[in-house]
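As a plain string of letters, each chain reads:
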Amino acid sequence: MAGVPWAEDYWSQFHSLEYQVVPSLPSYQQDSDLPYIHVEDGVRRSYEPDGLTADSPVVWFFEGSTMWGEGQRDLHTTPSNIARLAERDGVALRVVNFGERGRAHREEMLRFDRALAEPPEGGLPDVVVFYDGVNDVSVQDPSGGGIPSDDPTIYITGAGSSSNSVPPVLSASTPGASGPWLEGILERSLVLRLVGELGLESPASADDAPTTDQMVARTVDIYERGRALSLGLAEREGARPLFFWQPFIQSTLEGTPAALVREQLTPPTIDLSRTLLGVPFDTVYLDGAHLNERGAEIVAEAMLLPLLSALGVAPTGSPDGSGVTSDQVPPTATSAATAVPPAPS
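What this report covers is the structure whose coordinates are included nearby. Note that the structure is predicted; figures quoted are calculated from it, not measured.

Glancing now at the overall build of the protein chain. In terms of regular secondary structure, the protein chain is built from 11 helices and 10 strands. A total of 345 residues make up the protein chain; the buried ones form 54% of that total. Nonlocal contacts in the protein chain, meaning residues at least 24 apart in sequence, comprise 72% of its contacts between residues at least 6 apart. Of the roughly 14300 Å² that the protein chain leaves accessible, carbon and sulfur atoms contribute 50%.

What follows is the structure, given as structure tokens:
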């Protein structure tokens, strides 16, 4: 970000952010009211288009630091870019950025559950977007600070996410985990009911030196378990879920665990890992995973058509004015499947 006029102020604000532990989540950024980083009740400020009304479609976004927007100003994160691009196409979206640094999909699902119980301004979502990849792989990589395990409730990554205060029904036995907060979570959480219904509990086990095959298998299994719960939560609330696999350098390098995981992705996940191929690295990446504002804009453009299709709205710029067609939607992880999951019944 050399030469970027706002960079020094941005990183000074970034390093001043504080976090607190919240029941069922490993970390939660405290409120901040800074020029470039404004967060209130776990939601980062996003661009609001002109013409936004109480009836405008609501889209929630979940992921780690790449969705939160590390290295990006509030109004230039991926959700903000999607709102701006949709406005360009004649659609006013209310976007809600629930991104949080270091989160893998399991944590996103828990945050989604919490948000459903206590929705922010704008109400419940019409579409919910999950954007995953780098943190899900990092959890299983001890060389990057992860703690490899079959336990889906362990999600420590090199990005700084720490382990959990997850109710015992979701994890291995945790002494002293009970208390009033746990009783409240058990009473309100849709996740805890879905776990039993879908049979997704699994025993805890840890491994300091996993093989590549173990890393890949665990990453895929835990991601798909969490995705099943997210699908169930969305369907119960009548929201349309979209799952994206993000672009990051390791996923494009043949033979790496990240690339092998990407090859095993299944529908309805939409694979965006090649979105930035051919684009000069230093024009879009801050490192191997985090994007600058230009990179976030390119990814937002790739996500826009599947999102508008899920909403059932037509951008004014569509070729025939009739809306988004299936051949305009990027392929899913397997080319034979439709990119957008069916609407919940």
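The structure having been displayed, the exposition proceeds.
Bringing the packing of helix 4 (residues 105-117) against helix 8 (residues 212-237) into the picture now. In helix packing, the relevant descriptors are the interaxial angle and the interaxial distance, both defined with respect to the helix axes. Put simply, helix 4 and helix 8 touch, their axes get as near as 8 Å, and they point 20° apart. When the axes of helix 4 and helix 8 are compared, the pair comes out roughly parallel. Of the two possible hands of crossing, helix 4 and helix 8 adopt the one that is left-handed. In this structure, helix 4 contributes His105, Arg106, Met109, Phe112, Asp113 and Leu116 to the contact, and helix 8 contributes Tyr223, Arg225, Gly226, Arg227, Leu229, Ser230, Leu233, Ala234 and Glu237. Looking at the contact of helix 4 with helix 8, its residues break down into seven nonpolar, three polar and five charged.

Here we come to a negative patch on the surface. A cluster of like negative charges, contributed by Asp31, Asp33, Glu40, Asp41 and Glu118, occupies part of the molecular surface. Note on placement: glutamate 118 falls in the loop between helix 4 and strand 8 (127-132). Judged by its relative accessible area of 54%, glutamate 118 is exposed.

Let us now look at unusual backbone geometry. For the peptide bond that leads from proline 267 to proline 268, omega is 10°, which places it in the cis range. Within the fold, proline 268 resides in the loop between helix 9 (257-263) and strand 10 (269-271). The residue aspartate 41 is not glycine, and still its phi comes out positive at about 55°. With respect to the secondary-structure elements, aspartate 41 resides in the loop between strand 4 (38-40) and strand 5 (43-44).

With the rule as written, the count across this model stands at 11 salt bridges. Note that arginine 218 is salt-bridged to aspartate 150, the shortest N-O span being 3.0 Å. Of this pair, arginine 218 sits in helix 8 while aspartate 150 sits in the loop between helix 5 (134-138) and helix 6 (180-188); the two residues are 68 residues apart in sequence, bridging distant segments of the chain. Given a relative accessible area of 9%, arginine 218 falls into the buried group.

The next subject is the nonpolar core. Ranked by size, the top nonpolar core spans 32 residues in total, and within it Phe61, Leu93, Val129, Met303 and Leu307 carry the most contacts. Contributing elements (two or more residues each) for this core: strand 6 (58-62), helix 3 (78-88), strand 8, strand 9 (240-245) and helix 11 (293-311). Of the residues forming this core, the biggest block, 10 residues, is contributed by helix 11. Among all residues touching methionine 303, those that are not within four sequence positions of it are Phe61, Met67, Thr78, Ile82, Val129, Tyr131, Phe244 and Leu272. By size, the runner-up hydrophobic cluster in this structure holds 29 residues, among which are Val43, Val58, Leu229 and Ala234.

To continue, consider the pairing of strand 6. The buried fraction of strand 6 amounts to five of the five residues, a majority that puts the element mostly inside the structure. Residue alternation in strand 6 divides its side chains into two sets, Val58, Trp60 and Phe62 and Val59 and Phe61, and both sets are buried. In this structure, strand 6 lies alongside strand 7 (residues 94-97), joined through four bridges in parallel fashion. Pairing of tryptophan 60 across the sheet is with valine 96, part of strand 7.

As for its placement among the helices and strands, aspartate 89 is situated in the loop between helix 3 and strand 7. A polar contact of 3.0 Å, which involves the side chain of aspartate 89, links it to the side chain of arginine 88.

Every α-helix winds through 3.6 residues per turn, so residues three or four apart in the chain are directed the same way. Of the residues making up helix 1 (residues 7-14), those classed as buried are Ala7, Tyr10, Gln13 and Phe14. Viewed end-on, helix 1 has its buried residues packed into an arc of 130°, placing them on one side of the element. More than 90 degrees from the buried face of helix 1, the exposed residues found are Glu8 and Ser12. Against strand 5 and helix 2 (65-68) lie the buried residues of helix 1.

Glancing now at the packing of aromatic side chains. Overall, the coordinates contain 16 aromatic pairs when judged by the stated rule. On the basis of an interplanar angle of 15° and a centroid distance of 5.2 Å, the ring pair of phenylalanine 130 and phenylalanine 243 is categorised as stacked. Of this pair, phenylalanine 130 sits in strand 8 while phenylalanine 243 sits in strand 9, and the two are 113 residues apart along the sequence. Three or more aromatic residues link up through ring pairs in this structure, and these residues are Trp6, Tyr10, Trp11, Phe14, Tyr36 and Trp68. Over the ring of tryptophan 68 we find arginine 44; its NZ or CZ atom is 4.2 Å from the centre of that ring. Positioned above the aromatic ring of tyrosine 47 is the side chain of arginine 84, whose terminal nitrogen or guanidinium carbon lies 4.4 Å from the ring centre.

Procedures and definitions
- The numbers attached to residues start from 1 for each chain and follow its sequence in the written order.
- Per-residue local features are limited, in this predicted model, to residues with pLDDT of at least 70; the limit for side-chain atom pairs, both in listing and counting, is 80 or more; totals at the level of whole chains, interfaces and linings are taken over all residues.
- Just so you know, side-chain values use all the structure's heavy atoms and leave hydrogens and water out.
- Here a strand is any run of E in DSSP of at least two residues, a helix any run of H or I of at least four, and the numbering for each starts at the N terminus.
- Think of it in three bands: with a 1.4 Å probe and only protein chains considered, a residue is buried below 20% of the maximum accessible area for its type, exposed above 50%, and partly exposed in between.
- In what follows, residue pairs with any heavy atoms lying within 4.5 Å of each other are defined as contacts.
- Only the protein chains shown count as covering a residue, and every accessible area follows the Shrake-Rupley method with a 1.4 Å probe.
- Every angle, taken between N-to-C directions, lies between 0 and 180 degrees, and every axis is a line fitted to C-alpha atoms, over only the stretch in contact when it is a helix.
- The cut-offs work like this: below 35 degrees is roughly parallel, past 145 is roughly antiparallel, 65 to 115 is roughly perpendicular, and the gaps in between are oblique.
- In this scheme the handedness of a crossing depends on how the near helix is turned from the far one: anticlockwise by less than a right angle means left-handed, clockwise means right-handed.
- Three classes are used, and their members are as follows: Ala, Val, Leu, Ile, Met, Phe, Trp, Tyr, Cys and Pro are nonpolar, Asp, Glu, Lys and Arg are charged, and the others, Gly among them, are polar.
- The patch calculation keeps residues exceeding 30% relative accessible area without a salt bridge and links them within 9 Å when they carry like charges or within 5 Å when they are nonpolar (Val, Leu, Ile, Met, Phe, Trp, Tyr).
- When a carboxyl oxygen of Asp or Glu lies within 4 Å of a side-chain nitrogen of Lys or Arg, that pair is called a salt bridge.
- Only four residue types enter the tally: Lys and Arg on the positive side, Asp and Glu on the negative side, with His and both chain ends excluded.
- To locate a charge, take atom NZ for lysine, CZ for arginine, CG for aspartate or CD for glutamate.
- Residues belong to one nonpolar core when they are buried, are Ala, Val, Leu, Ile, Met, Phe, Trp, Tyr or Cys, and are joined through side-chain atoms within 4.5 Å.
- Paired strands are those between which DSSP finds at least two bridges.
- Counted as a polar contact is a pair of N or O atoms within 3.5 Å, where, for protein atoms, one must be capable of donating a hydrogen and the other of accepting one, and residues adjacent in sequence contribute only when both atoms are in side chains.
- Note that the arc is computed from the directions linking the helix axis to the C-beta atoms.
- Under the pairing criterion, centres of Phe, Tyr and Trp rings, with the six-membered ring standing for Trp, must be within 6.5 Å; the plane angle then separates stacked pairs below 30 degrees from edge-to-face pairs above 60, leaving the rest tilted.
- Ring-over charges, as used throughout, are those where CZ of Arg or NZ of Lys falls within 6 Å of the ring centre and within 35 degrees of the ring normal.

The analysis is restricted to geometry; functional conclusions fall outside its scope.
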